[in-house]
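A look at the structure
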Amino acid sequence: AAFSAGMWTALLDAHYTAVLGLLFLTAFVTAQMRYMRTGRASDMRAAIVLAAAVLMTHADTAVILALAMLAFAIVWWIGWRSHPRLRLVGATLAIPAGAVLAVAPWAATLWPLIAAGIRSPYTVDPSHWRLMVLYHAVVWPLAAVAGVLVWGRRRAWAIAMAVWFALVIELSVPGGMDR
């Protein structure tokens, strides 16, 4: 079974891309924080390339990155007065826009496949509702509340955690963004 095509496609589909996405995400956060600290163009270019790599390797990690960028953008613009405005614009607008522009040609080549209607081979089973409710309506919202409580002493981090908590609730419980 270890040499079967199904086993290797599951490995490459689920785990390899997730690990690469996490690797690129960690490197992106490091590059972006270096850019915020130093303001060097090389750090900005590295952050753009790494954010584009996240977009290309793992879509779920890209969604997590987008939610985190939204929360951090709010924190940087409201809470951190010590950074020059040009760095804030670079970190919150230029880096994400650069990443999107970098992957645009690749995404354009994939558009015919996406427009054709890709269907998942996995079936939705109503018996999984307990597990879904446990994780999406209990575990992750509690983790978000814990983050708000732990970092609540610092105003900027409390704002980031509150935004993240609202996004977790929106995406996991009512699913309003899915419509």
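Residues numbered from 1 in each chain as written. Predicted model: local features only at pLDDT ≥ 70, side-chain atom pairs only at ≥ 80, totals over all residues. Heavy atoms only, no water.

**Description of the overall build of the protein**
Basically, it comes down to this: Secondary structure follows DSSP: runs of H or I at least 4 residues long count as helices, runs of E at least 2 residues long count as strands, and numbering of each begins at the N terminus. Partly exposed residues are those whose accessible area sits between 20% and 50% of the maximum for their type, while under 20% is buried and over 50% is exposed, using a 1.4 Å probe and protein chains only. Any pair of residues with heavy atoms lying within 4.5 Å of one another is described as a contacting pair. Surface accessibility in these figures is a Shrake-Rupley result with a 1.4 Å probe; residues are shielded only by whichever protein chains are displayed.
Counting its secondary structure elements, the protein contains six helices and zero strands. Its helices and strands in sequence order give the protein the pattern α-α-α-α-α-α, from N to C terminus. Burial analysis of the protein (179 residues in total) assigns 27% to the buried set. Contacts in the protein between residues at least 24 apart in sequence constitute 63% of all its contacts with a sequence separation of at least 6. About 12000 Å² of surface is accessible on the protein, with carbon and sulfur atoms providing 73% of the total.

**Examining the nonpolar core**
The nonpolar side chains of a soluble globular protein tend to be buried, and buried together. As a reminder of what qualifies: Here, nonpolar core refers to any group of buried Ala, Val, Leu, Ile, Met, Phe, Trp, Tyr and Cys residues whose side-chain atoms link them within 4.5 Å.
Counting 21 residues, the largest nonpolar core has Phe28, Leu65 and Ile95 as the members making the most contacts within it. Those elements giving two or more residues to this core turn out to be α1 (5-38), α2 (41-57), α3 (59-79) and α4 (85-115). Broken down by element, this core gets its largest block of residues, seven residues, from α2. Contacts of Ile95, omitting those with residues within four sequence positions, involve Phe28, Gln32, Tyr35, Met44, Ala47, Ile48 and Gly90.

**Observations regarding the side chain of Thr92**
As a reminder, the rule being used: In protein, a polar contact requires one atom able to donate a hydrogen and another able to accept it; more generally it is a pair of N or O atoms within 3.5 Å, and residues adjacent in sequence count only if both atoms are side-chain atoms.
Relative to the elements of secondary structure, Thr92 occurs in helix α4. What makes Thr92 buried here is its relative accessible area of 11%. Looking at Thr92, its side chain comes within polar contact range of the main-chain oxygen of Leu88, at 2.6 Å. Non-local contacts of Thr92, meaning those with residues more than four positions away in its chain, are made with Met69, Ala73, Trp76 and Trp77.

**Describing a nonpolar patch on the surface**
Quick note on the threshold: Patch building starts from residues that exceed 30% relative accessible area and form no salt bridge, then joins like charges within 9 Å and nonpolar side chains (Val, Leu, Ile, Met, Phe, Trp, Tyr) within 5 Å. We define a salt bridge as a side-chain nitrogen of Lys or Arg found within 4 Å of a carboxyl oxygen belonging to Asp or Glu.
A contiguous nonpolar patch, built from Leu55, Met56, Val100 and Trp106 and spanning about 340 Å² of accessible area, is present on the exposed surface. Broken down by secondary-structure element, the contributors of at least two residues to the nonpolar patch are α2 and α4. Turning to its location among the elements, Met56 is positioned in helix α2.

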